[in-house]
2 protein chains.
Amino acid sequence: MDLKPTKPLSGFIELLPVQQRCFDYCAAKMQNVLRLAGFSMLDLPAIERAEVLTDKDNWDEIETQMFLFQKGDTKMGLRYDGTVGLSRYVAGHLNDLVFPFRASQFSKRYRGERAQRGRYREFYQMDLDIMGINSLSTNYDAEIISVINRALESVSEFIGPNIVLVGSRPFWDALFEYLNLDASQKKSVFVLIDKKDKMGDADFAEGLQDALNDSNKEKVIKSVFVDGYETFMNKSEKLDAAIAELTDFMKLLDGMGVKNAKIDLSIARGLAYYTGLVFEFKLINHPELGTAAGGGRYADLAGKFSKTKIIGVGAAIGFSRIFASMLENNQIDLSQFANDVDAAVLIMGNNNVAYAAGVVNALRGAGVVAVPYLDTDKKFKNQIEYADKINARFSVIIGDDEVAKNVVALKNMKSGSQETLSVADAIKEMTK
Amino acid sequence: MDLKPTKPLSGFIELLPVQQRCFDYCAAKMQNVLRLAGFSMLDLPAIERAEVLTDKDNWDEIETQMFLFQKGDTKMGLRYDGTVGLSRYVAGHLNDLVFPFRASQFSKRYRGERAQRGRYREFYQMDLDIMGINSLSTNYDAEIISVINRALESVSEFIGPNIVLVGSRPFWDALFEYLNLDASQKKSVFVLIDKKDKMGDADFAEGLQDALNDSNKEKVIKSVFVDGYETFMNKSEKLDAAIAELTDFMKLLDGMGVKNAKIDLSIARGLAYYTGLVFEFKLINHPELGTAAGGGRYADLAGKFSKTKIIGVGAAIGFSRIFASMLENNQIDLSQFANDVDAAVLIMGNNNVAYAAGVVNALRGAGVVAVPYLDTDKKFKNQIEYADKINARFSVIIGDDEVAKNVVALKNMKSGSQETLSVADAIKEMTK
């Protein structure tokens, strides 16, 4: 019989134990930041009705990239982000939740697109959302940015410093209106701005020409990225309002202790959801990872599920994009994760297993990670080799003598020194 | 436009924040037991190649219950258990892992069957497996049972006491051989034994008659459940060996401190995988949940992936089966999970947001869960109502006076008492 393949499907992540410990450690550190910020941790289904995931009017581009399937008469699929399920959940629990509602999700999402280098088809994102009924201060946009900033800082020993770039959808809306663009031109230009980072300046200019065919207007749009927003003050009320919102917001971020924020009007966050300020976090030392986290404000989160208007600000941290990539590319020093076992318990003679089990239980009860080697027919040499291979800090050796005297032999695997101790003293030695 | 449905698909679990906190708390407690026992936490893909999930020879019954789908030329599907992915992973990383290898997975699994009451189509299981190359002492079977026992005990305040029932596949193999059953009879009788718990005695007797049509043999098999295994000693070498293995194993469990174990030869664990001792945990106070955890020994885990023989003992804890069921049926007192916020930070006047943000950061830095209310245009009455609704233990109130004096007003939400304190003293008060 042919053997089946042992590699996971391309685009799926599978880590070794030592890598997984680092991944889990970083997740726990970041989640603790969110917990201290009072976000409720939600765990929603990975499978949703197709009608929840897709909406022919708006979701064509995403539909083709989904895992969709059918069971009985029901069409369903795997979620591609956390927002679609959250919208449904919040709309369905308006009376069970307290608003502004702070929610976080750390979960796997799925993209059915063709696997490409550096693109995952199953990946973790860590979402933060704050939602209000009918109104929500933009102070909350700053709070979300501040919390993400702290979450990323909590793992900066691995990923280095970050920067947050803030853009404004209202600024572009106001500028397009000022330039008298029609609906189709607005959309084309906005798509170009969204992709500007990935195009050369020449392609961008050419795209603008195709869309507008008006050298004055093209020049005005290009000037945003050269001269900044200041030159657009006193042009229209809407532009002034958008610029004031943005500059006030940057002052607020600064006042809240976010010192690594910068305006960048090329931040657009695609066509979906967002209606207000938008932002993206980048890792300064890892430009190859692109956007580490991104989000913004949406004026009507759950309009498809409820007549109640839910206004929110939300963001997703690309957890797998950051950590799975860096781990797979050996960009993280894993030495602090090498030792996960405190004590290998080595047992000479099968009649001593019950005594050893008592020792193991005492160790674990005292917070010592203890792994017994239970193939008691193996020689001491094999057993100590195992202790060495699993990087145990100590070996606790138990033979007839130790059982008779109600002690253990404790060997420090680094220094090689060995002493005979009571179990209580051995625990003291291992936990000091 | 019609609104889309807000309920999840049937068979999918969705908890409220307070329920989720209990779910997560129990998961963390149990996972800590596994961590102290030195299990490596693995996180494998939820999607596998169809050829990995299915094998027409052995998996017909499961195939129809899977979520299978296709992307491009590749047929794939969602995992229905943790073992299939683990087998592939271990076979693919023989040189990266140290054996005996201890692995744990806490992850979502999927059953595509028609949704029924109490059956989930997406559910968490917590797996433990210990795997050896070519050999592995049955001491490890006892170790797995001991660790599951401790994991369940760690959450006994919610689920009550448990009992573990131990069965033996070799006993039945030896008895079938002693009774000269042919291959088809062996299979039929084994299926009956596996389903005995769910059938009445009359149906079981009728099934035996259909399968064997031999009243003597039928009587012998029925007697196992009445007289126990003792009457089968000295009948054949294989029976004696199987009985000795089982009785020695029970002594070992007792010696290891597992005092709630009992032999039950009706424990069979289906047709798949298992070749040695098998076991099931039941919750004494929750018979309606059926099997809380189950597992056993398999002689050749990864034979489809590797020529290396991997022997193992493994088990899955039905985490959603236990906790999602109990939470959905309001069988858990959630009062200890009602308060997850220590401090609601209430801000009088938008000019005080930056000061308040500094206070919030100081609180969180000291481990105080702090939620600022940032709709600063709302009246104090609305703000204190919010603090009350989110069950905050304290309100930290900040207005112009507090900012001027560099203090906060700290209100104990239970006693109603309020005092003006420095931020440091407020933190002391909230963390004492």
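Look up: the structure comes first, before these words.
Notes on the structure in this doc start here. (Residues numbered from 1 in each chain as written. Chains lettered and ligands numbered in written order. Predicted model: local features only at pLDDT ≥ 70, side-chain atom pairs only at ≥ 80, totals over all residues. Heavy atoms only, no water.)

This part is about the overall build of chain A. In terms of regular secondary structure, chain A is built from 16 helices and 16 strands. Against the compact-globule benchmark of 22 Å for 432 residues, chain A has a radius of gyration of 28 Å, which places it well outside the compact range. Expressed as lengths along the three principal axes of its C-alpha atoms, the size of chain A is roughly 90 × 55 × 50 Å. Looking at chain A as a whole, 56% of its 432 residues qualify as buried. Long-range pairs, those at least 24 residues apart, make up 68% of the contacts in chain A with a sequence separation of at least 6. A total accessible area of about 18300 Å² is found for chain A, and carbon and sulfur atoms account for 46% of it. Separation between the mean location of the 52 positive side-chain charges and that of the 58 negative ones in chain A comes to 2 Å. (Helix = DSSP H or I, 4+ residues; strand = E, 2+ residues; numbered from the N terminus. Rg over C-alpha atoms; globule rule 2.2 N^0.38 Å. Buried < 20%, exposed > 50% of the residue type's maximum accessible area, 1.4 Å probe, protein only. Contact = heavy atoms within 4.5 Å. Areas by Shrake-Rupley, 256 points an atom, 1.4 Å probe, with all protein chains shown as cover. Lys, Arg positive; Asp, Glu negative; His and termini not counted. Charge placed at Lys NZ, Arg CZ, Asp CG, Glu CD.)

On to the nonpolar core, then. By size, the foremost hydrophobic cluster in this structure holds 120 residues, and its most contacted members are Phe171(A) and Leu363(B). Among residues more than four places away in sequence, those in contact with Leu363(B) are Ala343(B), Val345(B), Val368(B), Ala370(B), Val396(B), Val423(B), Ile427(B) and Met430(B). The next biggest cluster of nonpolar side chains, apart from the first, holds 117 residues, and it includes Ile384(A), Phe123(B), Phe249(B) and Met256(B). (Core = buried A, V, L, I, M, F, W, Y, C linked by side-chain atoms within 4.5 Å.)

By way of backbone hydrogen bonds, the strands of a sheet pair with one another, either parallel or antiparallel. Residue and element names in this part refer to chain A. The five strands are arranged E13-E12-E14-E15-E16 in an open sheet whose pairing can be described as mixed. In this open sheet, the two strands that pair with only one neighbour each are strand E13 (370–373) and strand E16 (418–421). Along the sheet, successive strands turn relative to each other by an average axial angle of 25°, direction set aside. Alignment of strand E14 (residues 394–398) against strand E15 (residues 408–412), held across four bridges, turns out to be antiparallel. In the strand pairing of E15, Val396 is matched with Leu410. Lying over the sheet, helix H14 (residues 380–389) contacts strand E12 (343–347), E13, E14 and E15, oriented at roughly 170° with respect to E12. (Pairing = 2+ DSSP bridges. Axes fitted to C-alpha atoms, helices over the stretch in contact; angles between N-to-C directions.)

Let's shift gears to unusual backbone geometry. A cis amide bond links Phe99(A) to the next residue, Pro100(A), at an omega of -5°. If you check the backbone angles, Asn234(A) has positive phi at about 65° while not being a glycine. Relative to the elements of secondary structure, Asn234(A) occurs in the loop between helix H10 (215–227) and helix H11 (237–255). For Asn134(B), which is not glycine, the phi torsion reads 70° and is therefore positive. Tracing the backbone shows Asn134(B) in the loop between strand E6 (122–133) and helix H5 (139–153).

Moving on to the interface of chain B and chain A. At the interface, 103 residues of chain B touch 103 residues of chain A. Summing both sides of the interface, chain B and chain A together bury roughly 8100 Å²; the carbon and sulfur share of this comes to 58%. For the chain B face of the interface with chain A, the top three residues by lost area are Lys4(B), Leu9(B) and Leu36(B), together amounting to 9%. Where Glu143(B) meets Arg364(A), a salt bridge forms, and the shortest distance between an N and an O atom there is 2.8 Å. One can count 42 residue pairs in polar contact (both at pLDDT 80 or more) joining chain B with chain A. The residue makeup of the side of chain B that touches chain A, split by class, is 52 nonpolar, 22 polar and 29 charged. (Buried area = accessible area lost by both parts, 1.4 Å probe. Salt bridge = Lys/Arg side-chain N within 4 Å of Asp/Glu carboxyl O. Polar contact = N/O pair within 3.5 Å; in protein donor to acceptor, adjacent residues only side chain to side chain. Nonpolar A, V, L, I, M, F, W, Y, C, P; charged D, E, K, R; others polar.)

Right, let's get into the relation of the copies chain B and chain A. Mapping chain B onto chain A calls for a rotation angle of 180° and an axial translation of 0.0 Å; the resulting RMSD is 0.0 Å. Both copies of the chain, as the preceding transformation shows, are related through a two-fold rotation axis. When C-alpha distances to the rotation axis are compared across chain B, the minimum falls at Phe69(B), with a value of 3.0 Å. With an isologous cut-off of 70% or more, the 100% of interface residues of chain B that recur at the interface of chain A puts this contact in the isologous class. (Least-squares fit on C-alpha atoms with pLDDT ≥ 70 in both.)

The two faces of the sheet receive side chains in turn, since in a regular strand these alternate between them. All names here are of chain B. Within strand E7 (residues 162–168), six of the seven residues are buried, which leaves it mostly tucked inside the rest of the structure. Pairing between E7 and strand E9 (residues 277–283): seven bridges, direction antiparallel. Considered in E9, the bridge of Val164 is made with Phe281. Direction of pairing for E7 relative to strand E8 (residues 261–263): parallel, over a ladder of three bridges.

This paragraph deals with the packing of helix H7 (residues 169–178) of chain B against helix H11 (residues 237–255) of chain B. All names here are of chain B. Across the interface, H7 lies against H11 with an axial gap of 8 Å and an inter-helix angle of 160°. It follows from the interaxial angle that H7 and H11 lie roughly antiparallel. Relative to H11, the crossing made by H7 is left-handed. Of the residues in H11, those touching H7 at Pro170, Phe171, Ala174, Leu175, Glu177 and Tyr178 are Lys238, Leu239, Ala242, Ile243 and Glu245. In terms of residue class, the contact of H7 with H11 is made up of eight nonpolar, no polar and three charged. (Parallel < 35°, antiparallel > 145°, perpendicular 65-115°, else oblique. Left-handed = near helix turned anticlockwise from the far one by under 90°.)

All names here are of chain A. One can find Thr291 in strand E10 (residues 291–298). Among the polar contacts listed, one links the side chain of Thr291 to the side chain of Lys282, at a separation of 3.2 Å. Apart from the residues lying within four places of it in its own chain, the contact partners of Thr291 are Arg269, Glu280, Phe281, Lys282 and Arg321.

With that out of the way, let us pick up the packing of aromatic side chains. Using the criterion set out here, one finds 39 aromatic pairs over all chains in the structure. Between Phe204(A) and Phe225(A) the ring centres are 5.7 Å apart and the planes differ by 85°, which places this aromatic pair in the edge-to-face class. Of this pair, Phe204(A) sits in helix H9 (residues 201–212) while Phe225(A) sits in helix H10; the two residues are 21 residues apart in sequence, bridging distant segments of the chain. Counting every residue linked through ring pairs, the aromatic cluster contains Phe67(A), Phe69(A), Tyr110(A), Phe67(B), Phe69(B) and Tyr110(B). Over the aromatic face of Phe204(A) sits the side chain of Lys196(A), whose NZ or CZ is 5.6 Å from the ring centroid. Against the face of Phe39(B) rests Arg102(B), its NZ or CZ located 4.9 Å from the ring centre. (Phe/Tyr/Trp six-rings, centres within 6.5 Å; stacked < 30°, edge-to-face > 60°. Lys NZ or Arg CZ within 6 Å of the ring centre and 35° of its normal.)

The geometry of a pair of packed helices is captured by two quantities: the angle between their axes and the separation between those axes. All names here are of chain A. Where helix H13 (residues 353–365) meets helix H16 (residues 423–431), the closest approach of the two axes is 10 Å, and the angle between their N-to-C directions is 40°. When the interaxial angle is binned, H13 and H16 end up oblique. By crossing handedness, the relation of H13 to H16 is classed as right-handed. In this structure, H13 uses Tyr355, Val359, Ala362 and Leu363 to contact H16, whose residues at the interface are Val423, Ile427 and Met430. Class assignment for the residues of the contact of H13 with H16 results in seven nonpolar, no polar and no charged.

The next thing to look at is the side chain of Arg88(B). Position of Arg88(B) relative to the elements: it lies in helix H4 (residues 83–92). Not counting residues within four places of it along the chain, the set of residues in contact with Arg88(B) comprises Pro5(A), Thr6(A), Lys7(A), Pro8(A), Glu14(A), Pro45(B), Glu48(B), Val52(B) and Phe305(B).

Purely geometric numbers; function is a separate question.
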